[in-house]
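Chain by chain, the residues run as shown.
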Amino acid sequence: MNTFLRHITYLLAFLSMTAIYGQSKITDLRSAGYSIYPSPQIVDLKKENITIDNSWSISTKNLPAKNTITNFVQRAKELYGISFSDSKSTNQITLRIKKDAVGGILNKANSKQAYKITINSDNVLIEGNEEIGLFYGIQSFLQLAKPISRNTLQLPVGTITDWPDLELRFIHWDTKHHRDKIETLKRYIDWSAYFKINAIAFEIEDKYEYPTHPIIGGPNAFSKEEMHELTRYAQDRFIQLVPNVQAPAHMAFVLKHEEFDHLKADDESNFQACMCDEEAMELIFDMYQDMIDATPGVDYFFVSTDEIYYAGICNKCKDEYTVENRSLTWVKYLERVTKWMEERNRKVIAWIEYPLLPEHISKVPNSVIDAIMGPHKSPIWAHNESKAGIEQLSYSPIQGAEFLFPNYFATNYRNKEIDGRLQDTYMDIKNREADGACLIGTFAAAWDDSGLHNETFWLGWATVTQYGWTKNTPTLQQNLTDFMDVFYGFDSPDMAQAYSLLQEGARFYENLWDNDIVSVERPTSYGNSKGKGIGGENYDLQIQTPPLPSVTDLSITPNFRLKYDSKINEATVLLKKNELLMLQLMRNITRVRHNTYNLEVLLSIASLQRHTMNTVINLAKIEDYLVAASKVKGDNSAALGLLVEAHKLSGKILKEQNNMWEDFVSTWEKSRLTKGKDYEDKKFVHVFDDVKDHFADRRKGLEFMLAPFERTGIQEWQKQLEITIKEYAQSKNIPIKALELERLED
């Protein structure tokens, strides 16, 4: 069995580990050779197929949906190179809005999104109950179309009738540690609409200019005009760009500034603002208002209320700081914010969670939508929320703290066997509804804590949306293959293996480093969810370099191979897989139909993983050279030559890192601005969060991913070895030039 088939077999074996994965059933649509994402509700296909080309025209019959029509024409050209005929032709695609195109849907919000596609031999009818339904019908039509030759598409004859099971399908843009370019976000909006995502929680932090308090906005923050542009662009595609402002916790991006230092809940921490300080509340409302003004026409506002660990701890709060009063302080905050938002016609979305107590759920305004109905909440909690009339979003984190790439598939993570985020997502809605939740949508969280590129999130974003649209179908295997077909193109090569190998390489990168070395880079944290002064120790990820030999006799006590033996062996195995991965990605960049940049990002990640594997392998070889040199008897020149080889190999590690990193940064900055860069007259203020120790925050710039290598100190180690070589050569009266080796400085 060749390597490719072996990995595919491994992946499919993983997908069959549970009874759910063991199902082999596929939908009628896929059985016929087609894909629509999310999978549609009702499909009735005939055995015939038709072809569509540039001779076909679009009939709109005075349809008042200009943006939808324009989007259809543009996307058809972008995706397939099809330019429909301007003149009326025999073969037509008719677009129509008809109130009862799809009947029998009791939920009005879901009914609006319903559509029907009828494909005959010489005409296609796409109709929606309302314009949004028509828009979704067009997206499904574009996905259904299979390119068979230049400017020619094939479709099945038949009828597709579709609507969503859940009204809201959120994805999460978290920008706390990076700032995407405008054109990047527009591309994300286009693909979000293609997957029928209809809401984006834009966690903005300091990436907005905040006209009321401009000091908060970082260098090159989005302007009000740019936010208007993005909001309109999203609305034209039936997506709500919902501002998500972190408050009153997670406010280090605000409280790090001297102007707001007096508004902290505790002088020792920039994590949370004082909830009993009217000036602090006015600041938060100013930020809320700035973001309302930045997103006109949006119905929702995400007030966050995320991880307000220390509600009521401020000495300005009158009530004693107890577990009960902490919960009630949280409730009072949300009550006030909800009233304020409703006066401005915004419906509040929040994290309804700790420090709220279950017995206080009934006090929460029932107009608030809980966006974090996840597996961490008990059936009692879900029941209490539903009893209180609170609607919820099924919360599916497609990434949490993982480095480089999400844990999509089953693996051992942090000494625990996990099913993988795809399997978790597949079960989330079923489990939440079984617990008694009153779900109206989904929330696909993708956190920026570890600084992953958004291109790694598409499979997760899409999968959460899939099961928000059709809760019980398709199987997870088909979901994966349907995604690949739609995101990369029908005729594109399989990418499932690449995702599996990227995850494996990412976990090696994350697990390689010693994680028990107390940090010298940042102070002890203020506390954690259990309270102030609890669990605040931070650690600096790194590995030890091989020991340096004695100058006098080159004696050495080797410990690198001993300590990292399992990692060296794992790197040796993974390096061969990484070669396959990089070749596959490099080849597929020219073979996928859509989203080639996505593969460039994946290739950059694979390159960093390769450098990590090479580093640990080469450090082991360096130690081997040093041990061999210590064992040489009677030939000082030979011993010196082995030392020089060790020095050269350390230089190779550093050179490879420089080359890899130059390409890595160049690739990532095609879609985003330079992280932490000062722009014009505004400097980026980099201050550590006093509670959260995010991997992506350990450096001002993107080089946080190199921080573990930096701490390992290979460059300084090489300099020390150079000193040893020179002193040894001098003591043995050996001219280094006579060895005809490269300059040590090289």
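Remember, it's a predicted structure, so these values are computed and weren't measured experimentally. Per chain, residues are indexed from 1 in the order of the written sequence. In view of the model being predicted, local features appear only for residues whose pLDDT reaches at least 70, and side-chain atom pairs are presented and counted only at 80 or more, with totals across whole chains, interfaces and linings using the full set of residues. Hydrogens and water are ignored here; the side-chain numbers use all heavy atoms of the structure.

Lay out the overall build of the chain with the relevant residues and their values.
Helix and strand definitions follow DSSP, with helices as H or I runs of at least four residues and strands as E runs of at least two, each counted in order from the N terminus. Tallying secondary structure elements over the chain gives 21 helices and 21 strands in all. In terms of its C-alpha atoms, the chain occupies a principal-axis envelope of roughly 95 × 70 × 55 Å. In the chain, buried positions account for 60% of the 746 residues. Here the accessible surface of atoms and residues is derived via Shrake-Rupley with a 1.4 Å probe, and residues count as covered only by protein chains that are part of the display. Accessible surface for the chain amounts to roughly 30,000 Å². Of this, 48% is attributable to carbon and sulfur atoms. Only protein chains enter the calculation, and the probe is 1.4 Å; a residue is then buried if its accessible area is under 20% of its type maximum, exposed if over 50%, and partly exposed in between.

Quick rundown of the packing of aromatic side chains? Include the residues and the values.
Only Phe, Tyr and Trp rings take part, Trp by its six-membered ring, and two of them pair if their centres are within 6.5 Å. Stacked means planes under 30 degrees apart, edge-to-face means over 60, and tilted covers everything else. One pass over the full model with this rule turns up 55 aromatic pairs. A ring pair is formed by F483 and F487, whose centres lie 5.1 Å apart and whose planes are at 15°; its orientation type is stacked. Remark: F487 and F483 occur in helix α15 (residues 476-488); sequence separation between them is four residues, near one turn of the helix. Accessibility assignment for this pair places F483 and F487 in one class, buried. Placement of a positive charge over a ring is assigned whenever Lys NZ or Arg CZ falls within 6 Å of the ring centre and within 35 degrees of the normal to the ring plane. A cation sits over an aromatic face here: R75 above W191, 5.2 Å from the ring centre. Over the ring of F490 we find K146, and its NZ or CZ is 5.6 Å from the ring centre.

How would you explain the packing of helix α16 (residues 496-512) against helix α17 (residues 560-588) if you had to name every residue and give the values?
Helix axes are fitted only over the stretch in contact, all axes being lines through C-alpha atoms; the angle between N-to-C directions runs from 0 to 180 degrees. Relative to each other, α16 and α17 sit at 145°, their axes nearing to 10 Å. When the axes of α16 and α17 are compared, the crossing they make is left-handed. Note on element contacts: α17 touches α16 through K567, E570, A571, L574, K577, L580, L581, Q584 and L585, opposite Q497, A498, L501, L502, E504, F508, N511 and L512. Classifying every residue of the contact of α16 with α17 gives 10 nonpolar, three polar and four charged. Rotating anticlockwise by less than a right angle from the far helix to the near helix defines a left-handed crossing, while the corresponding clockwise rotation defines a right-handed one. Note on contacts: a residue pair qualifies if any of its non-hydrogen atoms lie within 4.5 Å across the two residues. Following the grouping adopted for this structure description, the nonpolar residues are Ala, Val, Leu, Ile, Met, Phe, Trp, Tyr, Cys and Pro, the charged ones are Asp, Glu, Lys and Arg, and the polar ones are all others, Gly among them.

An account of the nonpolar core is needed here, citing residue identities and associated values.
The set of buried Ala, Val, Leu, Ile, Met, Phe, Trp, Tyr and Cys residues whose side-chain atoms join them within 4.5 Å is what this entry labels a nonpolar core. Y288, Y499 and M705 are the most contacted members of the largest nonpolar core, which has 214 residues in total. At 17 residues, the largest contribution of residues to this core is made by helix α18 (residues 596-631). The contact partners of Y288, leaving out residues within four places of it in the chain, are V245, A247, F301, V303, Y333, V337, W340 and M341.

Account for unusual backbone geometry, with residues named and values stated.
Excluding glycine, residues mostly carry a negative phi; peptide bonds, for their part, are mostly trans. In this structure, the amide linkage connecting Y354 to the following residue, P355, adopts the cis form with an omega of 10°. One can find P355 in the loop between β14 (347-350) and β15 (369-373). Cis peptide bonds are those with omega within 30 degrees of zero, and the linkage from T473 to P474 qualifies with 5°. On the secondary structure map, P474 appears in the loop between α14 (458-469) and α15.

Mind laying out the pattern of salt bridges, listing which residues take part and the relevant values?
Should a side-chain nitrogen of Lys or Arg be within 4 Å of a carboxyl oxygen of Asp or Glu, the pair is scored as a salt bridge. By the definition in use, this model includes 45 salt bridges. A salt bridge links D540 to R698, with the nearest nitrogen and oxygen atoms 2.7 Å apart. With D540 in the loop between β21 (531-532) and α17 and R698 in the loop between α19 (636-668) and α20 (707-712), the pair connects residues that are 158 residues apart, well separated along the chain. For the pair formed by D540 and R698, the shared burial category is buried. Within this structure, E521, R522, D540, D693, R698, R699, E710 and R711 form a network of salt bridges that share partners.

Can you break down the environment of L702 residue by residue, with the values?
Take L702: it is sitting in the loop between α19 and α20. Relative accessible area serves as the criterion here: at 9%, L702 is assigned to the buried category.

Give me the environment of H686: which residues, what numbers.
As for its position among the elements, H686 is in the loop between α19 and α20. Taking the C-alpha atoms as reference points, H686 and G676, 10 residues apart in sequence, are found 7.7 Å from one another. In contact with H686, not counting residues within four places along its chain, are D697, R699 and K700. In terms of polar contacts, H686 uses its side chain to reach the backbone carbonyl oxygen of D697, at 3.0 Å. We call two N or O atoms a polar contact when they sit within 3.5 Å, provided that within protein one can donate a hydrogen and the other can accept it, with sequence-adjacent residues counted only if both atoms are side-chain atoms.

I'd love a proper account of the pairing of β15, names of residues and values included.
Across the five residues that make up β15, a large majority, five, are buried. Two strands pair when backbone bridges link them, and β14 and β15 are joined in this way by two bridges, in the parallel orientation. Residue pairing in the sheet places A350 in a bridge with D370 of β15. One requirement defines pairing of two strands: DSSP has to find at least two bridges between them. As paired elements, β15 and strand β16 (residues 391-399) share three bridges and run parallel to each other.

Quick one: what's the story with the packing of α17 against α18, residue by residue and with numbers?
Between α17 and α18, the shortest axis-to-axis distance is 8 Å and the interhelical angle comes to 150°. The hand of the α17/α18 crossing is left-handed. Tallied by class, residues from the contact of α17 with α18 come to 18 nonpolar, six polar and seven charged.

Any chance you could break down helix α12 (residues 379-387) for me, citing the residues and the numbers?
Listed in full, the buried residues belonging to α12 are W381, A382 and E385. Down the axis of α12, the buried side of the element spans an arc of 95°, and every buried residue falls inside it. In α12, the exposed positions that point more than 90 degrees away from the buried face belong to I380 and K387. Directly beyond the C-terminal end of α12, a positive phi value near 85° is found at G389. Regarding the arc, it is the one traced by the directions from the helix axis to the C-beta atoms.

So what's going on with the side chain of E203? Which residues, and what values?
Here E203 shows up in strand β9 (residues 199-203). For E203, a relative accessible area of 0% translates into the label buried. Apart from residues no more than four positions distant in its own chain, E203 is found in contact with H172, W173, D174, T175, K176, N244, Q246 and W447.

Any chance you could break down the pairing of strand β8 (residues 168-174) for me, citing the residues and the numbers?
With seven of seven residues buried, β8 lies mostly within the body of the structure. Of the two faces of β8, both are covered, the one formed by L168, F170, H172 and D174 as well as the one formed by R169, I171 and W173. Bridge analysis of β8 against strand β19 (residues 439-446) gives four bridges, and the strand direction is parallel. Of the residues in β19, the one forming a bridge with L168 is G441. Relative to β9, β8 runs parallel, the two sharing five bridges. Within β9, the residue paired with H172 across the bridge is A201. With helix α7 (residues 182-194) bridging β8 and its parallel neighbour β9, the resulting β-α-β unit is right-handed. By convention, a crossover is right-handed whenever its connection, traced from the first strand over the helix to the second and viewed with the strands pointing away, goes clockwise.

Can you tell me about the environment of G33, naming the residues and giving the values?
Within the fold, G33 resides in the loop between α3 (28-31) and β1 (42-52). Judged by relative accessible area, G33 falls into the partly exposed class, the value being 28%. Considering only alpha carbons, one finds G33 and I216, 183 residues apart in sequence, at a separation of 52 Å. Leave out the neighbours within four places in its chain, and G33 touches K146 and F490.

Please set out the confidence of the model for the chain residue by residue, giving values where relevant.
Summarising the model, the chain shows a mean pLDDT of 94, and 95% of its residues fall at 70 or more. Note on residues 1-22: pLDDT is under 50 here. Beyond four places in sequence and across chains, it has 38 contacts. Confidence scores per residue from the predictor, reported as pLDDT, run from 0 to 100.

Please give an account of the side chain of D514 that cites residues and values.
Locating D514 in the fold gives a position in the loop between α16 and β20 (527-528). A polar side-chain atom of D514 sits 3.1 Å from a polar atom in the side chain of K563.

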